[in-house]
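Structural description and commentary
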Amino acid sequence: EPEVTQTPSHQVTQMGQEVILRCVPISNHLYFYWYRQILGQKVEFLVSFYNNEISEKSEIFDDQFSVERPDGSNFTLKIRSTKLEDSAMYFCASSRDNNYGYTFGSGTRLTVV
Amino acid sequence: KNQVEQSPQSLIILEGKNCTLQCNYTVSPFSNLRWYKQDTGRGPVSLTIMTFSENTKSNGRYTATLDADTKQSSLHITASQLSDSASYICVTNAGNNRKLIWGLGTSLAVNP
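Residues numbered from 1 in each chain as written. Chains lettered and ligands numbered in written order. Predicted model: local features only at pLDDT ≥ 70, side-chain atom pairs only at ≥ 80, totals over all residues. Heavy atoms only, no water.

**Looking at the overall build of chain A**
- Helix and strand content of chain A: zero helices and eleven strands.
- Each principal axis of the C-alpha atoms in chain A carries an extent, and together these give about 35 × 25 × 25 Å.
- In chain A, the share of contacts with a sequence separation of at least 24, taken over all contacts with a separation of at least 6, comes to 54%.
- For chain A, the computed accessible surface area is about 5700 Å², with 45% contributed by carbon and sulfur atoms. (Helix = DSSP H or I, 4+ residues; strand = E, 2+ residues; numbered from the N terminus. Contact = heavy atoms within 4.5 Å. Areas by Shrake-Rupley, 256 points an atom, 1.4 Å probe, with all protein chains shown as cover.)

**Details of the nonpolar core**
Residues and elements named next belong to chain B.
- Among the nonpolar cores identified, the biggest contains 25 residues, and Tyr25, Leu33, Trp35, Leu75, Tyr88 and Leu108 are the most heavily contacted of them.
- Of all the secondary structure elements, the ones that give two or more residues to this core are strand 3 (19-26), strand 4 (30-38), strand 5 (45-51), strand 7 (62-67), strand 8 (72-77), strand 9 (86-94) and strand 11 (106-111).
- Excluding residues within four positions of it along the chain, Leu108 makes contact with Leu11, Ile13, Cys19, Ile77, Asp84, Ser85, Ala86 and Tyr88. (Core = buried A, V, L, I, M, F, W, Y, C linked by side-chain atoms within 4.5 Å. Buried < 20%, exposed > 50% of the residue type's maximum accessible area, 1.4 Å probe, protein only.)

**Digging into the confidence of the model for chain B**
- Averaged over all residues, the pLDDT of chain B is 92; the fraction at 70 or higher stands at 96%.
- Averaged pLDDT values over the elements of chain B bottom out at 87 in strand 10 (residues 100-102) of chain B and peak at 98 in strand 8 of chain B. (pLDDT = per-residue confidence, 0-100.)

**Comments concerning the pattern of salt bridges**
- Considering all chains together, one arrives at three salt bridges over all chains under this definition.
- A salt bridge links Glu44 of chain A to Arg36 of chain A; the nearest nitrogen and oxygen atoms lie 3.0 Å apart.
- A relative accessible area of 22% means that Glu44 of chain A is categorised as partly exposed.
- Note that Asp84 of chain B and Arg61 of chain B form a salt bridge whose closest N and O atoms lie 2.8 Å from each other. Of the two residues, Asp84 of chain B sits in the loop between strand 8 and strand 9 while Arg61 of chain B sits in the loop between strand 6 (56-59) and strand 7, which places them 23 residues apart along the sequence. (Salt bridge = Lys/Arg side-chain N within 4 Å of Asp/Glu carboxyl O.)

**Let's talk about the pairing of strand 3 of chain B**
All names here are of chain B.
- Burial along strand 3 is one-sided: the face carrying Cys19, Leu21, Cys23 and Tyr25 is buried and the face carrying Thr20, Gln22, Asn24 and Thr26 is not.
- Both strand 1 (residues 3-7) and strand 3 contribute to a ladder of five bridges, which runs antiparallel. Bridge pairing in strand 3 links Glu5 to Asn24. (Pairing = 2+ DSSP bridges.)

**So, the interface of chain B and chain A**
- Facing 23 residues of chain B, the contacting portion of chain A comprises 22 residues.
- Here chain B packs against chain A, burying approximately 1900 Å² in sum over the two surfaces, 50% of which is carbon and sulfur.
- At the junction of chain B and chain A, the tally comes to zero salt bridges.
- For the side of chain B that touches chain A, the elements supplying multiple residues, two or more each, are strand 1, strand 4, strand 5 and strand 10 of chain B.
- A total of five residues in the side of chain B that touches chain A trace back to one element, the largest contributor, which is strand 4 of chain B. (Buried area = accessible area lost by both parts, 1.4 Å probe.)

**A short note on the sheet that holds strand 8 of chain B**
Residues and elements named next belong to chain B.
- Here we have five strands laid out as an open sheet, ordered 1-3-8-7-6, and antiparallel in their pairing. Strand pairing shows two members of the sheet lacking a second neighbour, strand 1 and strand 6, which therefore form its edges. Between one strand and the next, the sheet's axes are offset by a mean angle of 15°, whatever the strand orientation.
- The pairing of strand 3 with strand 8 spans six bridges and is classified as antiparallel. Its bridge partner being in strand 8, Cys19 is matched across the sheet by Ile77. (Axes fitted to C-alpha atoms, helices over the stretch in contact; angles between N-to-C directions.)

Right under this line is the structure:
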């Protein structure tokens, strides 16, 4: 069964450093998403991406965050200057249409120290 | 405000027993409701998706129900197995929004 692949599975970074989280969505999917889950809290929407541009973003997705699909297969989330409160599990998801069939990756656990 | 509330927060049952998890939502306009299973440290995996017109859907030992009038959904797990131990999350999609609205989940522990 097709999978969404995320790398790395765990990243530790110092506060103020830039991190790039990588995702390889399912190949025939057109919609891409980033979500995050702080330990013990709800999964939160960050951003959706379609047709090479952001289609929606949440209030969490401020100027410190950016997304890119640099080569037609990878989908990346960049955090420019990490803060302690950015520590969370970050999930990438993709879907073929806008309403059904989201497939999530296994996540990247980001720890900011 | 679009919101999803789940109960109970946590549940412990013995292997082989059945259980039912509850979800109440206040989402407008309503598009669909999903139940996800999330193992610790893993990504959510879809169990069922129901639209407004569907009031029940099964996936193996998992049966979800939806009452669009009362804005309630339930997930029934039959003959539980140890591998059912996980967090079960109720999620809705409001209209044309591209973002999912998540509940906090019910943490289920199945003990031998």
